[in-house]
Amino acid sequence: MFQFMTSTRIVFGEGALHDSLSLLNQFGYSVLLVTGQDQQRSLPLEQYFKQQNMRYQRLVIKSEPLIAMMEELAAMGRTFCPDMVIGIGGGSVLDVAKSLAALIPNQGSVYDYVDVVGRNVPLQVKSLPFIAIPTTAGTGAEVSKSAVLQSAQEQVQVNLSNVELFPDLAIIDPTLTYGMDAVLSGYCGMDAFTHLMEAYVCGEQNPLTDMICEEGLKRIAMSILPACKDDHYPSRCDMAFAAMLGGMARSNAKLGAAHGLASALSGRLDAPHGLITARLSPYVMKENISVATELGRSDVLARYRKLAVILTMNNEANIEDSVQWVDSMLIKLQLPLLSDYGLCNTMFEEVAEDALRTCVIKGNPLPLNQQRLITILRQVCHNDCHASMS
């Protein structure tokens, strides 16, 4: 038996934003609009609000969402009293908007509702209607039930997760990703890859998430380079679709050690979450393959071999080819190293401890103890040093 949940309604395709504006009216006439710094992206929405005499307030998000910031924004949102929340932007913007839709009608502190450092209690009141419009192809937040927040005090990333957080409407218009910076596109694309890869090899997949992951991974294998390096529009569409599938997969299967370690590192490194998961993923894959070989877990090894076949588009691919594909992609996309952001061995023990406390690491296909997580971090650091010298 399995369950499958995602956003209530999804509109996907070039021009989807323009064609879907009238759908907003069903949610009311008062809008809390959460955007990134690029006002051009949200211009069609603001013009529509004015045409329809809709009342709106715009919040501009310039950084990763901190818990303290969310407390202030939720208080401001309660004063404004919107009928709906619309988020248009990258993963951080959508996470803020999604969190506000949940927090505004619910009393209490953000700490009541988050994991790791909080009480993780269920929401008491239904969320406000939430409309998600991604402008990057990475997190899949437009179809997921969780929002990632930062706790500055504990230097760790936490999740606000609840079925109430699924967007009521996801408008995915790949044209909003056209012209994106190549490096930003690269780590967003590899974030989508890590969602699909970890959901595919996790201990709690199901036939529907398998189908979703295989399709998403095929599209990434074919399209990530032309999308990021050449701004090739059909490839951009593939990446937007793959990111959406990654959001569905992570909401209905599990993630693993790459995301567990990334949660612990995100509070300590001023690096984008997608870059951290991308840089960790080949070493986590290698460690999982090593442990599965030691334990004779043929089921896990079969998953990694199938992953290699999908990524290389070669039916004769070996298990290790999956790791080599990721290594090769990180080089071709010219993504920064984690050592550039201050990753060092003095933090490894604490990071591994914090990672073991996260919910996401429980989905890893095999349990990894603290020492194995430290080994992964050492390998990342060691290889970063070699890469920076070469």
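Residues numbered from 1 in each chain as written. Predicted model: local features only at pLDDT ≥ 70, side-chain atom pairs only at ≥ 80, totals over all residues. Heavy atoms only, no water.

Check the secondary structure of the chain and you find 13 helices and eight strands. The C-alpha radius of gyration computed for the chain amounts to 20 Å, which stays within 12% of the reference 21 Å derived for 390 residues, consistent with globular compactness. Each principal axis of the C-alpha distribution contributes one length, and for the chain these read about 65 × 50 × 45 Å. A buried classification covers 59% of the 390 residues belonging to the chain. Summarising the internal contacts of the chain: among those between residues at least 6 apart in sequence, 77% fall at separations of at least 24. For the chain, the distance from the average position of its 29 positive side-chain charges to the average position of its 40 negative side-chain charges is 2 Å. (Helix = DSSP H or I, 4+ residues; strand = E, 2+ residues; numbered from the N terminus. Rg over C-alpha atoms; globule rule 2.2 N^0.38 Å. Buried < 20%, exposed > 50% of the residue type's maximum accessible area, 1.4 Å probe, protein only. Contact = heavy atoms within 4.5 Å. Lys, Arg positive; Asp, Glu negative; His and termini not counted. Charge placed at Lys NZ, Arg CZ, Asp CG, Glu CD.)

Turning next to the sheet that holds strand β2 (residues 30–35). Whether parallel or antiparallel, the strands of a sheet pair through hydrogen bonds between backbone atoms. Read across the sheet, six strands follow the order β1-β8-β5-β4-β2-β3 without closing on themselves; strand pairing throughout is parallel. Lying at the two open borders of the sheet, with one neighbouring strand each, are β1 (10–12) and β3 (55–60). In this sheet, neighbouring strand axes are inclined to one another by 15° on average, regardless of whether the strands run parallel or antiparallel. Against the sheet, helix α7 (residues 233–252) contacts β1 and β8 (169–172), and its axis sits at roughly 160° relative to β1. (Pairing = 2+ DSSP bridges. Axes fitted to C-alpha atoms, helices over the stretch in contact; angles between N-to-C directions.)

Another point: the pattern of salt bridges. Considering all chains together, one arrives at 14 salt bridges under this definition. The closest approach of N and O atoms between Lys-126 and Glu-164, which form a salt bridge, is 4.0 Å. Here Glu-164 lies in the loop between β7 (156–161) and β8 and Lys-126 lies in the loop between α4 (91–103) and β5 (130–134), a separation of 38 residues in the sequence. Three or more residues are tied together by salt bridges with common partners; here these are Arg-268, Glu-350, Asp-354 and Arg-357. (Salt bridge = Lys/Arg side-chain N within 4 Å of Asp/Glu carboxyl O.)

Residue Cys-81 is not a glycine yet carries a positive backbone phi of 60°. The residue Cys-81 is located in the loop between α3 (67–80) and β4 (84–89) in this model. A relative accessible area of 54% places Cys-81 in the exposed class. Phi is positive for Asp-231, which is not a glycine, with a value near 50°.

What follows deals with the packing of aromatic side chains. Here the structure, examined in full by the defined rule, presents four aromatic pairs. Aromatic side chains Phe-49 and Tyr-56 sit 5.1 Å apart centroid to centroid with 50° between the ring planes, which places their arrangement in the tilted category. Relative accessible area serves as the criterion here: at 0%, Phe-49 is assigned to the buried category. On the basis of an interplanar angle of 40° and a centroid distance of 5.3 Å, the ring pair of Phe-193 and Trp-325 is categorised as tilted. With Phe-193 in helix α5 (residues 182–201) and Trp-325 in helix α11 (residues 320–332), the pair connects residues that are 132 residues apart, well separated along the chain. Using a relative accessible area of 10% as the deciding quantity, one classes Trp-325 as buried. Arg-55 extends its terminal NZ or CZ atom over the ring of Phe-80, reaching a point 4.0 Å from the ring centre. (Phe/Tyr/Trp six-rings, centres within 6.5 Å; stacked < 30°, edge-to-face > 60°. Lys NZ or Arg CZ within 6 Å of the ring centre and 35° of its normal.)

Below, the discussion takes up the nonpolar core. Within the largest apolar cluster, 81 residues are counted, with the highest numbers of intra-cluster contacts made by Met-190 and Leu-280. Mapping this core onto the domain boundaries places at least three of its residues in each of domain 1 (9–176) and domain 2 (182–388). If you look at the next biggest cluster of nonpolar residues, it comprises 32 residues, including Val-34, Val-93, Ile-104 and Leu-165. (Core = buried A, V, L, I, M, F, W, Y, C linked by side-chain atoms within 4.5 Å. Domains from an automatic or database assignment.)

The next subject is the side chain of Asn-364. Within the element layout of this structure, Asn-364 appears in the loop between α12 (348–357) and α13 (370–389). Within the local environment of Asn-364, its side chain forms a polar contact with the backbone nitrogen of Ala-257, the two atoms lying 3.0 Å apart. At a separation of 2.7 Å, a polar atom in the side chain of Asn-364 contacts the main-chain carbonyl oxygen of Leu-366. Apart from the residues lying within four places of it in its own chain, the contact partners of Asn-364 are Leu-255, Gly-256, Ala-257, Val-284 and Asn-288. (Polar contact = N/O pair within 3.5 Å; in protein donor to acceptor, adjacent residues only side chain to side chain.)

On to α11. Its 13 residues place the ends of α11 19 Å apart at the C-alpha level, agreeing with the 18 Å of an ideal helix rising 1.5 Å per residue. Asp-321, Ser-322, Val-323, Trp-325, Val-326, Met-329 and Leu-330 are the residues of α11 that are buried. Packing partners of the buried residues in α11 comprise α5, α6 (207–230), α9 (273–295) and α10 (298–312). Positive phi shows up at Gln-334, right after α11, with a value of about 55°. (Expected span 1.5 Å × (residues − 1).)

This part is about the pairing of β8. Of the two faces of β8, the one lined by Leu-169 and Ile-171 and the one lined by Ala-170 and Ile-172 are each fully buried. Here β1 runs beside β8; their pairing, made up of three bridges, is parallel. Opposite Val-11, over in β8, you have Ile-171 as the bridge partner. The pairing of β5 with β8 spans two bridges and is parallel. Paired with Ala-132 across the strands is Ala-170, a residue of β8.

To continue, consider the domain arrangement of the chain. Once the domains are mapped, the chain shows domain 1 (9–176) and domain 2 (182–388). Relative to domain 2, the C-alpha centre of domain 1 lies at a distance of 26 Å. Across the contact, 25 residues belong to domain 1 and 29 residues belong to domain 2. Counting the surface lost from both domain 1 and domain 2, the interface buries some 2,100 Å², and carbon and sulfur atoms represent 59% of this. (Buried area = accessible area lost by both parts, 1.4 Å probe.)

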